Amino acid sequence: IKFSLSSCFSADAKLLEEAVVPLAKTLIQNNSRSGNFAALVRVFLGRTKELKISTECQDQLFIWQAHNALFLVRCLLKVFIREMSEEDLHLQFSYQARAPGTYESNSGDLLEELICNLVHLIVEVPLLDITYNILFEAVTTLLVLLSYQLFQKEILREGLVYRCLTRGRCLSLTSRLVKTLLYNFIRQEKCPPPAHIFTPQADGGGLLYGLASGVASGLWSVFTLGGAGSKSGVDQEQNPLPLSNQSLLLLLVLANLPDGLDCPNPYKQAVTCFKNTQDTSSIPSPQPHTFQINFNSLYTALCEQQRSDQATLLLYTLLHQNPNMKTYMLSRTDVENLVMPILEILYHVEERNSHHVYMALIILLILTEDDTFNRSIHEVILKNINWYTERALTEISLGSLLILVVIRTIQFNMTRTRDKYLHTNCLAALANMSAQFRCLHQYAAQRIISVLSYHQKVLESQKAISPTSSVCAQDLSVIEEVIRMLLEIINSCLSNSLHHNPNLVYALLYKRELFEQFRSHPSFQDIMQNLDTCFFVWFCVQKFPELKFKYVEEDQPEDFFIPYVWSLVFNSGVGLYWNSQGIELFSMDSP
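An account of the accompanying structure is given in this report. For clarity, every value in this text was computed on a predicted model and none was experimentally measured.

Quick notes on the rules
- Residues numbered from 1 in each chain as written.
- Predicted model: local features only at pLDDT ≥ 70, side-chain atom pairs only at ≥ 80, totals over all residues.
- Heavy atoms only, no water.
- Helix = DSSP H or I, 4+ residues; strand = E, 2+ residues; numbered from the N terminus.
- Buried < 20%, exposed > 50% of the residue type's maximum accessible area, 1.4 Å probe, protein only.
- Salt bridge = Lys/Arg side-chain N within 4 Å of Asp/Glu carboxyl O.
- Phe/Tyr/Trp six-rings, centres within 6.5 Å; stacked < 30°, edge-to-face > 60°.
- Lys NZ or Arg CZ within 6 Å of the ring centre and 35° of its normal.
- Expected span 1.5 Å × (residues − 1).
- Polar contact = N/O pair within 3.5 Å; in protein donor to acceptor, adjacent residues only side chain to side chain.
- 1 Å grid on protein atoms, 1.4 Å probe; cavity = no way out; pocket = protein on both sides within 12 Å on 5 of 7 lines; lining within 4 Å.
- Points joined across faces, edges and corners; volume = space filled by probe spheres on them.
- Nonpolar A, V, L, I, M, F, W, Y, C, P; charged D, E, K, R; others polar.
- Core = buried A, V, L, I, M, F, W, Y, C linked by side-chain atoms within 4.5 Å.
- Contact = heavy atoms within 4.5 Å.

Now for the side chain of T140. Note on placement: T140 falls in helix α7 (residues 132-145). Assessed through its relative accessible area of 0%, T140 is described here as buried.

Given below as structure tokens:
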């Protein structure tokens, strides 16, 4: 059987789904009598006991046989989950072959046994070329088992699979599973090329395994004979890291499971408390499920992978929830490696989905809560920013570039969507930085004033159109809020570091007539009085309260994050295709 993960992408996954559905429906009809599905699961479970030894002995045939069985189990499970409830799925695991007129049900919990074996496989079997595919299948099968959430509008807080993973025998493996999934993401191992074609052997597992292997071969031929092999090179370029991608998706799904009715989510606990391998502190952690991981390797992987929604979501999760990782990131002297990819996401806002933009922006907001970060970014000098195309920036500080990109995001938002949440967070990030503005680039200073000028023009035009309209009143309120905040940001900069920012002072003087319009506006008079003083006697400037904003997650964040994570699985899962009909968790126009 010739296997290649590279042939399991995009349209090929749809072909697989179409090939499996008739087989699965036939199996559902006959399974209560034949017990074939449970027998197939037992074939796989019987082989997992020897997988670690087979890996050490380089027994590729044995590993592929186990992979074949798991591949078919996963394909069938995916259809079962769409067609039946968890209780009915549990029954499919309990049926055994029986004689006509008799009934027998297995008292053991084969579903829990399968889940526990998958977790054991992921954490015990080393990642090598010969184990890559079966590890990928194990991670993917766990994702499929958790996919009941896709078909429910409400957030699932209970269920058989949920209980197995959070309270059952798997609980003791929580930290090891999280650590392994993180290392799969860190290692960024490419899918090895298909190197072997195995022919069935008489002693390969009996009649049932021979049948399963033949079916698996037929399903995979949908890809290889369908021309997938001819475009595997293109597929490899589109997604060359299937195990890394799938591991990250599973990690995000597990970390965002809601707390149970009587216990917190152990995977979230593990994500929030792991430590650096360099941490030699002997103080035991009060948190359960803690472990150590190489922060330098994780930081490097996060910096390199920010082009994907899921990597940005992981970065957000660690910054917001893991204080050890947050402290480490803020202590790095190469913070530009982290910030530049985030700025590039925001710069290409037109090409990104709204959730990805929000996550990138919140990451900046969290970073700017730290004064040391706000000072250090003005000391990092960058040259020739290729992706910034509006103006040639031959030399600019990271701080000035950040200001330019955030202002551009504000401008885009106000001309397109007028999303209050977006511009509020943009302005909050600028406000957090404002007291530490240093040596602003001439273009950054000009853009601060120009965005103020733009909003003043919009304010005047809105008043002229229909000053009594309720819609207009809402727009005016938003625009006035933006202007007020921009004036406060300028005031904060001049109050704290006027002598460090000559380019901003020159820009203000050059556009001095702009501010005449704000002096008579009741919302801006106090700020304008202070700014006027700045032009003449800067040391008499009134000290306004320090501008500081802190990101606070919404109440019931799972209402946002669980649909978001599953939309990423739906759109980015390697080798996974779900028909959009029946998806209830999010609308199809979601990110």
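One pass over the structure, following the stated rule, counts 21 salt bridges. For R408, the salt bridge goes to E390, with nearest N and O atoms at 2.8 Å. Of this pair, R408 sits in helix α20 (residues 398-415) while E390 sits in the loop between β3 (381-382) and β4 (396-397); the two residues are 18 residues apart in sequence, bridging distant segments of the chain. Among the residues examined, R408 registers a relative accessible area of 15% and is labelled buried. Where R484 meets E488, a salt bridge forms, and the shortest distance between an N and an O atom there is 2.7 Å. Note that R484 and E488 are positioned in helix α23 (residues 470-497) at a spacing of four residues, about one turn of the helix. Here R484 falls in the partly exposed class, since its relative accessible area comes to 21%. Assessed through its relative accessible area of 18%, E488 is described here as buried.

Before going further, it helps to examine the packing of aromatic side chains. Geometrically, a pair of aromatic rings is defined through the distance of the ring centres and the angle of the planes. A complete count under the given rule lists 17 aromatic pairs for this structure. Ring geometry for F295 against Y328: centres 5.4 Å apart, planes inclined by 75 degrees, an arrangement best described as edge-to-face. In this pair, F295 is assigned in helix α14 (residues 295-304) and Y328 in helix α16 (residues 323-331), connecting sequence segments 33 residues apart. Classification of F295 as buried rests on a relative accessible area of 2%. Between the aromatic rings of Y358 and Y421, the centroid separation amounts to 5.1 Å while the plane-to-plane angle is 85 degrees, which identifies the pairing as edge-to-face. Highlighted residues: Y358 in helix α18 (residues 354-367) and Y421 in helix α21 (residues 420-434), separated in sequence by 63 residues. Classification of Y421 by relative accessible area gives partly exposed; the value is 34%. A connected cluster of aromatic rings, assembled from ring pairs, spans F274, F291, F295, Y299 and Y328. If you follow R47 out to its NZ or CZ, it ends over the ring of F62, 5.2 Å from the centre. Positioned above the aromatic ring of Y347 is the side chain of R408, whose terminal nitrogen or guanidinium carbon lies 4.2 Å from the ring centre.

Quick look at α18 now. For α18, built from 14 residues, the straight-helix expectation of 20 Å at 1.5 Å per residue is met to within 8% by its first-to-last C-alpha distance of 20 Å. Counting buried residues along α18, 13 of its 14 residues qualify, which places the element largely inside the surrounding structure. Its side-chain oxygen placed 3.0 Å from the backbone nitrogen of H355, N353 serves as the N-cap of α18.

As enumerated under the stated definition, the model contains three cavities of 30 Å³ or more in all. The space that makes up the largest cavity amounts to roughly 200 Å³. Around the largest cavity sit 17 residues that line it, and L146, Q149, L156, Y162 and L257 are the ones nearest its centre. Where the lining of the largest cavity is concerned, the elements lending two or more residues are α8 (160-166) and α27 (558-572). For the lining of the largest cavity, the leading source of residues is α27, giving three residues. Classifying every residue of the lining of the largest cavity by side-chain character gives 12 nonpolar, three polar and two charged.

Below, the discussion takes up unusual backbone geometry. The phi dihedral of Q58 is positive, around 60 degrees, even though this residue is not glycine. Here Q58 is to be found in the loop between α3 (51-56) and α4 (60-83). Of note in the backbone geometry, C439 takes a positive phi value of approximately 50 degrees without being a glycine. On the secondary structure map, C439 appears in the loop between α21 and α22 (442-465). Residue C439 is classed as exposed on the basis of its relative accessible area of 56%.

Core analysis: the biggest nonpolar cluster contains 204 residues, and Y388, L401, L487, F515 and W566 have the highest contact counts within it. In terms of residues, this core owes the most to one element, α4, which gives 14 residues. Non-local contacts of L487, meaning those with residues more than four positions away in its chain, are made with L452, F515, F518, F524, I527, M528 and L531.

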